[in-house]
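Letter by letter, the chains look like this.
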Amino acid sequence: GDEVAYEDEQQEMFEHYRFDISAGQVPMRVDKYLATHMEYTSRHRIQLAIKAEYIRVNDKIVKANYVIRPGDVVKFVMPYQRRGLEILPEDIPLDIVYEDEDVLVVNKPKGMVVHPAPGHTTGTLVNGLMAHCKDLSGINGVMRPGIVHRIDKDTSGLLMVAKNDMAHESLVNQLVEKSVTRKYTALVHGVIQHSHGTIDAPIGRDKKDRQSQAVTPDGKNAVTHFHVLEPFTNYTLVECQLETGRTHQIRVH
């Protein structure tokens, strides 16, 4: 139809996200739903986008308190603020440990950035994935095709990648429902006296350094479970399992 043609024509100028609300979805405010399913987009940005009428449900403008229900189609189409940035496929060796027609799991090495951003437009995992796969999901926008979750540049580990939007939705829902488990191994300063434990401390922006995250009384709920793998003289090797996924959560905790 005309709308599809328009969207295709404007693809390079707009961020495109579409969510088909499944039958099992519990009623939820649209801003909260999008904040949950768009892992790298804040609820504040979503609320601003709703006010600017960039978000529609069933092709109708809605308010942030609109309650989504099964069968709804939510579209987020927002002018792309870095549209001069062109993301190109690159022949980068990838350590792929699993792949089928819908998803792949890649072992990201230390030192590799997951997706392009200002200052990092080449050499990222996404550049390599674009050369390896003909199609990747578009739910997370043109800068992060296929990316469902991420880890920092200097962290190595397995990442799930979605080849289509259906797979992306499914993987995100599994993360939300915690039917997929993510575990991290970390070497920390000091000797932890307990064999296991849980850190429950809210995380938000550091009041002294707005670029950093810290434990703050008014931060978002953050829970990390850990158990000791091996103690050393001045360090402890631990395995962490996140119950929440706040920015830099393991480091802050």
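Everything here concerns the structure above.
Let me begin by describing the structure that accompanies this report. (Residues numbered from 1 in each chain as written. Predicted model: local features only at pLDDT ≥ 70, side-chain atom pairs only at ≥ 80, totals over all residues. Heavy atoms only, no water.)

**Quick notes on the pattern of salt bridges**
Consideration 1: Inspection of every chain in the model, using the stated rule, returns six salt bridges.
Consideration 2: Asp31 is the salt-bridge partner of Arg29, the closest N and O atoms lying 3.0 Å from each other. (Salt bridge = Lys/Arg side-chain N within 4 Å of Asp/Glu carboxyl O.)

**Overview of the sheet that holds strand S10 (residues 183-189)**
Two modes of strand pairing occur in sheets, parallel and antiparallel, and in both the strands are linked by backbone hydrogen bonds.
Consideration 1: Taken in spatial order, the four strands of this open sheet run S10-S15-S14-S11, and their pairing is antiparallel. For this open sheet the edge positions go to S10 and strand S11 (196-200), each flanked by a neighbour on one side alone. Here the average twist between neighbouring strands, direction ignored, is 30 degrees.
Consideration 2: In terms of strand pairing, S11 meets strand S14 (residues 223-231) through five bridges, oriented antiparallel. Across the sheet, the residue bridging to His196 is His227, located in S14. (Pairing = 2+ DSSP bridges. Helix = DSSP H or I, 4+ residues; strand = E, 2+ residues; numbered from the N terminus. Axes fitted to C-alpha atoms, helices over the stretch in contact; angles between N-to-C directions.)

**A few points about helix H2 (residues 30-37)**
Consideration 1: Those residues of H2 that sit buried are Val30, Asp31, Tyr33, Leu34 and His37. An end-on view of H2 places all buried positions within 160 degrees of arc, on one side of the element. (Buried < 20%, exposed > 50% of the residue type's maximum accessible area, 1.4 Å probe, protein only. Arc of directions from axis to C-beta.)

**Let's talk about the nonpolar core**
Consideration 1: Counting 19 residues, the largest nonpolar core has Phe19, Val30, Leu34, Ile55 and Val74 as its most contacted members.
Consideration 2: Among the secondary structure elements, those contributing two or more residues to this core are strand S1 (14-20), H2, helix H3 (43-51), strand S3 (55-57) and strand S6 (73-79).
Consideration 3: Dropping the residues within four chain positions of it, Ile55 is found in contact with Leu34, Ile46, Ala49, Ile50, Lys60, Ile61, Val62, Val74, Lys75 and Phe76.
Consideration 4: Residues Ile92, Met112, Leu136 and Val161 belong to the second largest nonpolar core, which totals 16 residues. (Core = buried A, V, L, I, M, F, W, Y, C linked by side-chain atoms within 4.5 Å. Contact = heavy atoms within 4.5 Å.)

**Some points on the packing of H2 against H3**
Consideration 1: Close contact between H2 and H3 brings their axes to 9 Å; oriented N to C, the two are set at 130 degrees. Judged by the inter-axis angle, H2 sits oblique to H3. You can see that H2 and H3 cross each other, and the crossing is right-handed. Contacts between H2 and H3 involve Val30, Asp31, Lys32, Leu34 and Ala35 from the first element and Arg43, Ile46, Gln47 and Ile50 from the second.
Consideration 2: Grouping the amino acids of the contact of H2 with H3 by side-chain chemistry returns five nonpolar, one polar and three charged. (Parallel < 35°, antiparallel > 145°, perpendicular 65-115°, else oblique. Left-handed = near helix turned anticlockwise from the far one by under 90°. Nonpolar A, V, L, I, M, F, W, Y, C, P; charged D, E, K, R; others polar.)

**Digging into the sheet that holds strand S7 (residues 96-99)**
Consideration 1: Judged by pairing direction, the sheet is antiparallel, and its three strands sit side by side in the order S7-S8-S9 without closing on themselves. If you trace the sheet from one side to the other, it starts and ends with S7 and strand S9 (157-162), each paired once. Each adjacent strand pair in this sheet contributes to an overall mean axis angle of 20 degrees, direction not counted.
Consideration 2: Across three bridges, S7 lies against strand S8 (residues 103-108) in antiparallel orientation.

**Points about the packing of aromatic side chains**
Given two aromatic rings, their pairing is described by the distance between the two centres and the angle made by the two planes.
Consideration 1: Taken as a whole, this structure holds two aromatic pairs when the rule is applied.
Consideration 2: Between the aromatic rings of Tyr17 and Phe76, the centroid separation amounts to 4.9 Å while the plane-to-plane angle is 85 degrees, which identifies the pairing as edge-to-face. Here Tyr17 is found in strand S1, whereas its partner Phe76 is found in strand S6, with 59 residues between them in sequence.
Consideration 3: On the basis of relative accessible area, Tyr17 is assigned to the buried category, the value being 3%.
Consideration 4: Residue classification places Phe76 among the buried positions, given a relative accessible area of 0%.
Consideration 5: Ring geometry for Phe19 and Tyr33: centres 5.8 Å apart, planes at 90 degrees, overall edge-to-face. On the criterion of sequence distance, the pair formed by Phe19 in strand S1 and Tyr33 in helix H2 is long-range, its members being 14 residues apart. (Phe/Tyr/Trp six-rings, centres within 6.5 Å; stacked < 30°, edge-to-face > 60°.)

**A word on unusual backbone geometry**
Note: most residues except glycine have negative phi, and most peptide bonds are trans.
Consideration 1: Backbone geometry places Asp59, a non-glycine residue, at a positive phi of 65 degrees.
Consideration 2: On the secondary structure map, Asp59 appears in the loop between S3 and strand S4 (60-61).

**Observations concerning helix H5 (residues 165-177)**
Consideration 1: The end-to-end C-alpha distance of H5 is 18 Å, a good match for the 18 Å that 13 residues give at a rise of 1.5 Å each.
Consideration 2: Within H5, burial applies to Ala167, His168, Glu169, Leu171, Val172 and Leu175.
Consideration 3: For H5, the N-terminal capping position is held by Asn164, with its side-chain oxygen 3.3 Å away from the main-chain nitrogen of Met166.
Consideration 4: Directly beyond the C-terminal end of H5, a positive phi value near 60 degrees is found at Lys178. (Expected span 1.5 Å × (residues − 1). Polar contact = N/O pair within 3.5 Å; in protein donor to acceptor, adjacent residues only side chain to side chain.)

**As for the side chain of His37**
Consideration 1: Inspection of the secondary structure puts His37 in helix H2.
Consideration 2: A distance of 3.0 Å separates the side chain of His37 from the side chain of Asn173, its partner in a polar contact.
Consideration 3: Sequence-distant contacts of His37, defined by excluding residues within four places in its chain, comprise Phe19, Glu169, Val172 and Asn173.

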